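Understanding the architecture of this molecule
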Amino acid sequence: MMASEQGDRRSEAEIWDELVAALEREMPELVEEFMTELTDRGLYEPDAITVEDLRQTAPQTLGMLISRLGGRAPEPKDAELAESLGARRARQGIPLDALTEAVRIDLVIMWRRLRRLAGPEHVALLADRFDLMMAVLDEYVFDVQSSFLREQAALQRDSRLATERDLSRLFNAREITQSVLDRTAMTLGVDVDTVFDLAAFDSDHAERVAAVAERALLAGRVFSYAYRDITCVFWVRGLSDPEPAERLAQIPGVHLNDVALAELPRAARSAHELLNTAGSLERLSGLDAMWAPISAAHLDTIAPGFTSNLLAGLDDLGDYEHDRVVETVRAYLESGSVKRASETVYCHRNTVVNRLATFRSWTGLDVTVPAQAALAYVALSRHPR
């Protein structure tokens, strides 16, 4: 409860600002109250949405609402949050009334917490601000509902609603039972033991992916699922001509081969991690092209700065010499041949040998030794230049 000794000397606006700030500081408690209230009301089917999804969305929504209560004007990101939530819940097969009630839980827990923070001396102030709270929440609910209905209409138009619901159960099931597999296989029109290829893309490329794969998606040759904040598309290998991977090849993303139906959720989790750790991708890439930056990221997680420290000596070189040495070492590591490296960087073979020696002198890594070459390859995969 807020202290009241200086209550007579503060304006209502100042008191309200303090209450909103105190409310924001209690975000972890608000999230836990939301999760408890949502569970107690049983609004969502257990397998429809993961707890992780709910815990990611709750602080985003609460944070936005609290910020708006504090006087921040609506921003484009507010509409994007509502758009994302409404569309995702539609794809997950959540009833609109359940979604609306879940969003309105935010008002319940914020009002409950504000009353506790304000105490009896500021009840009148809270009453005066209740209309503001309702207006902020109603605007957000309207945006979420609009997004939900637009997405639901789109799903119904292309007959993918049932598919999305079954995929949601598969991707979010705590335990993948035989009945879940049988139902998903029937919905997709495949055998339970069918093997897929899966490609995953971050949200920045979702529209481009949808446009490229639109015909195959409508024809049921390719399937899609929005997993967390990435878009996954998967298909039975060999059934499409050309292969979806060829059509999607120029879009930055992750490509995983030979994924069983029961392993699709695990593959989506792996793809999500890969997209977050691989750094900038230029095209659709498999593990053969991503293993080095992924390895570097994990090494730096275990020992922060490990890969950058390996190459720290190169910082003492001038910019021109640094860039030529790194370019040459990379060319050599790609081929293992001094001759091919010289052709790639357009210099004499002796120059290549000299630059490899310079690299060894400043880093201690001899790239003609396989073990040290592998370490250099991993370190250079995250090197900024």
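Residues numbered from 1 in each chain as written. Predicted model: local features only at pLDDT ≥ 70, side-chain atom pairs only at ≥ 80, totals over all residues. Heavy atoms only, no water.

**A word on the overall build of the chain**
Looking only at helices and strands, one finds 17 helices and five strands in the chain. Overall size of the chain, expressed as C-alpha extent along the three principal axes, is 85 × 60 × 30 Å. Going through the 385 residues of the chain one by one, you find that 48% of them count as buried. In the chain, 72% of the contacts between residues at least 6 apart in sequence involve partners at least 24 apart. With 42 positive and 62 negative side-chain charges, the chain shows a spacing of 3 Å between the two charge centroids. (Helix = DSSP H or I, 4+ residues; strand = E, 2+ residues; numbered from the N terminus. Buried < 20%, exposed > 50% of the residue type's maximum accessible area, 1.4 Å probe, protein only. Contact = heavy atoms within 4.5 Å. Lys, Arg positive; Asp, Glu negative; His and termini not counted. Charge placed at Lys NZ, Arg CZ, Asp CG, Glu CD.)

**Some remarks on the environment of Ile 15**
Inspection of the secondary structure puts Ile 15 in helix α1 (residues 12-25). When its relative accessible area of 5% is taken as the criterion, Ile 15 is described as buried. Considered as a pair, Ile 15 and His 122 are 107 residues apart in the sequence and their alpha carbons are 8.7 Å apart.

**Focus on the pairing of strand β3 (residues 230-236)**
Burial runs high along β3: seven of the seven residues are buried. Side-chain alternation along β3 places Ile 230, Cys 232, Phe 234 and Val 236 on one buried face and Thr 231, Val 233 and Trp 235 on a second face that is also buried. Pairing geometry for strand β1 (residues 195-202) and β3, over seven bridges, is antiparallel. Counterpart to Ala 199 in the pairing with β3 is Val 233. (Pairing = 2+ DSSP bridges.)

**A look at the packing of aromatic side chains**
In this structure the tally under the stated criterion is seven aromatic pairs. Aromatic side chains Phe 223 and Phe 234 sit 5.7 Å apart centroid to centroid with 35° between the ring planes, which places their arrangement in the tilted category. In this pair, Phe 223 sits in strand β2 (residues 222-227) while Phe 234 sits in strand β3, placing the two residues eleven residues apart along the sequence. Given the relative accessible area of 9%, Phe 223 is considered buried. On the accessibility criterion, Phe 234 (0% relative accessible area) is buried. Taken together, the ring pairs connect Phe 171, Phe 196, Phe 223, Tyr 225, Tyr 227 and Phe 234 into an aromatic cluster. The cationic tip of Arg 324 hangs over the ring face of Tyr 320; the distance from NZ or CZ to the ring centre is 4.9 Å. (Phe/Tyr/Trp six-rings, centres within 6.5 Å; stacked < 30°, edge-to-face > 60°. Lys NZ or Arg CZ within 6 Å of the ring centre and 35° of its normal.)

**Focus on the sheet that holds β1**
Across the sheet, which stays open at both edges, the five strands sit in the order β2-β3-β1-β4-β5 with mixed pairing between neighbours. Unpaired on one side and paired on the other, β2 and β5 (284-285) mark the two borders of the sheet. Across five bridges, the pairing between β1 and strand β4 (residues 253-260) is antiparallel. When the sheet's bridge partners are listed, Ala 199 is paired in β4 with His 255. Packing of helix α9 (residues 206-219) onto the sheet brings it into contact with β1, β2 and β3, and relative to β2 it is tilted by some 150°. (Axes fitted to C-alpha atoms, helices over the stretch in contact; angles between N-to-C directions.)

**A look at helix α15 (residues 338-345)**
Those residues of α15 not exposed but buried are Ala 341, Ser 342 and Val 345. Seen along its axis, α15 keeps its buried residues to an arc of 100°; they face one direction. Regarding α15, its N-cap is Ser 337, as a side-chain oxygen of that residue lies 3.3 Å from the backbone nitrogen of Lys 339 further along. Following α15 by one or two positions, Tyr 346 adopts a phi angle in the positive range, close to 60°. (Arc of directions from axis to C-beta. Polar contact = N/O pair within 3.5 Å; in protein donor to acceptor, adjacent residues only side chain to side chain.)

**A few points about the side chain of Thr 231**
Among the structural elements, Thr 231 can be located in strand β3. For Thr 231, the contacting residues outside a window of four places in its chain are Ala 199, Ala 200, Phe 201, Ala 206 and Tyr 225.

**Some details on the confidence of the model for the chain**
Predicted confidence across the chain gives a mean pLDDT of 87, with 95% of residues reaching 70 or more. The low-confidence segment residues 3-8, where pLDDT is below 50, has four contacts with residues more than four positions distant or belonging to other chains. (pLDDT = per-residue confidence, 0-100.)

**Considerations on the packing of helix α3 (residues 51-69) against helix α5 (residues 96-118)**
At a minimum axis distance of 11 Å, the contact between α3 and α5 shows a crossing angle of 60°. The angle between α3 and α5 places the two elements in the oblique class. Seen from above, α3 lies across α5 with right-handed handedness. In this structure, α3 contributes Thr 61, Leu 62, Leu 65, Ile 66 and Leu 69 to the contact, and α5 contributes Asp 106, Ile 109 and Met 110. Its residues assigned to classes, the contact of α3 with α5 shows six nonpolar, one polar and one charged. (Parallel < 35°, antiparallel > 145°, perpendicular 65-115°, else oblique. Left-handed = near helix turned anticlockwise from the far one by under 90°. Nonpolar A, V, L, I, M, F, W, Y, C, P; charged D, E, K, R; others polar.)

**Overview of the environment of Arg 208**
Within the secondary structure, Arg 208 sits in helix α9. Note: C-alpha distance between Arg 208 and Leu 248 (40 residues apart in sequence) is 9.2 Å. The residues contacting Arg 208, other than those within four sequence positions of it, are Gln 250, Ile 251 and Pro 252. A distance of 3.5 Å separates the side chain of Arg 208 from the backbone oxygen of Gln 250, its partner in a polar contact.

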